[in-house]
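# Inside the fold
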Amino acid sequence: MDALHPRLLVADFAACFAFYDAVLPALLGAHLVRGAAAGPYAHWDVGDQAVLVLFDRAAMAATLGAAPTPADAPPADTGMFVCRVADVDAGYALCLAGGATPVLPPADRPEWGPTLRSAHLRDPQGTLIELQSY
């Protein structure tokens, strides 16, 4: 049973699918359970637990009976996808190679925890991603 998992509502489903499908296996050991680049839904699990779900933003708006958000509207930074990884630097390089946009390079952040290291990127949709180890 999946108790909690992030579901990202994305405008460019194909680009976001390609990014996460390229990086999640090496980054977290996740595997695609359902979905394809055509959308409107895809999800990846680690073991038998969901780790990330993508859903087409326009399809969600239609479900809610709402006008879709313009495709070029960036997501508001009211949340982010946080991944605990063994090696922040390697994960950062993997995400960049997969098409992420850099925000903050890997750095030690002792003010967040004595051994915490993190990096921040944006996926093709603009969603903020934090890679961390501690």
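Structure report, in brief. (Residues numbered from 1 in each chain as written. Predicted model: local features only at pLDDT ≥ 70, side-chain atom pairs only at ≥ 80, totals over all residues. Heavy atoms only, no water.)

## Focus: the nonpolar core
This is how it is decided: The set of buried Ala, Val, Leu, Ile, Met, Phe, Trp, Tyr and Cys residues whose side-chain atoms join them within 4.5 Å is what this entry labels a nonpolar core. Only protein chains enter the calculation, and the probe is 1.4 Å; a residue is then buried if its accessible area is under 20% of its type maximum, exposed if over 50%, and partly exposed in between. The helix and strand labels rest on DSSP assignments: H or I over at least four residues marks a helix, E over at least two residues marks a strand, and numbering proceeds from the N terminus. We call two residues contacting when some pair of their heavy atoms lies within 4.5 Å.
Grouped together as the largest cluster of nonpolar side chains are 27 residues, with contacts concentrated most on Tyr20, Trp44, Leu52, Leu54, Cys95 and Leu131. The set of elements that each furnish at least two residues to this core consists of strand 1 (7–10), helix 1 (13–28), strand 3 (41–46), strand 4 (49–56), strand 5 (81–84), helix 3 (88–98), strand 7 (117–122) and strand 8 (128–133). With eight residues, helix 1 is the largest single contributor of residues to this core. The contacts of Tyr20, once residues within four sequence positions are left out, are Leu8, Pro25, Trp44, Leu52, Leu54, Phe81, Asp123 and Ile129.

## A look at the side chain of His120
Here His120 shows up in strand 7. In this structure His120 comes out as buried when scored by relative accessible area, which is 6%. Contacts of His120, omitting those with residues within four sequence positions, involve Met80, Tyr92, Pro102, Val103, Leu104, Arg109, Trp112, Leu128, Ile129 and Glu130.

## Some words on the packing of aromatic side chains
Let me state the cut-off plainly: Only Phe, Tyr and Trp rings are paired, with Trp represented by its six-membered ring, and only when their centres lie within 6.5 Å; those with planes under 30 degrees apart are stacked, over 60 edge-to-face, the remainder tilted.
Per the counting criterion, the structure on display carries five aromatic pairs. Residues Phe17 and Trp44 carry aromatic rings whose centres are separated by 5.5 Å and whose planes lie at 40° to one another, so their mutual orientation is tilted. Here the residue Phe17 occupies a position in helix 1, and Trp44 occupies one in strand 3, the gap between them amounting to 27 residues. By relative accessible area, Phe17 is classed as buried at 8%. Under the relative-accessibility criterion, Trp44 is labelled buried at 0%.

## A closer look at helix 2 (residues 57–64)
Rules: The arc in question is the one traced by the directions running from the helix axis out to the C-beta atoms. By the criterion applied in these results, polar contacts are pairs of N or O atoms within 3.5 Å in which, for protein atoms, one can donate a hydrogen and the other can accept it, and in which residues neighboring in sequence qualify only through two side-chain atoms.
For helix 2, the full list of buried residues reads Arg57, Met60 and Ala61. Around the axis of helix 2, the buried residues are gathered within 100° of arc, so they sit on the same side. Opposite the buried face of helix 2, at more than 90 degrees from it, the exposed residues are Ala62 and Thr63. Structurally, helix 2 contributes buried residues whose contacts are with strand 1 and strand 4. By the N-cap criterion, in which a side-chain oxygen at the helix start approaches the backbone nitrogen of a residue two or three places on, helix 2 is capped by Asp56, the distance to Ala58 being 3.1 Å. One or two positions beyond helix 2, positive phi appears at Gly65, with a value near 70°.

## A few points about the pairing of strand 2 (residues 31–35)
Condition: When DSSP finds two or more bridges between two strands, those strands count as paired.
Where strand 2 meets strand 3, four bridges bridge the pair, whose relative direction is antiparallel. Residue Arg34 lies in a different strand from strand 3, and its bridge partner there is His43.

## Observations regarding the environment of Met80
Along the chain, Met80 falls in the loop between helix 2 and strand 5. Counting along the chain gives 65 residues from Met80 to Ala15, while the straight-line C-alpha distance between them is 18 Å.

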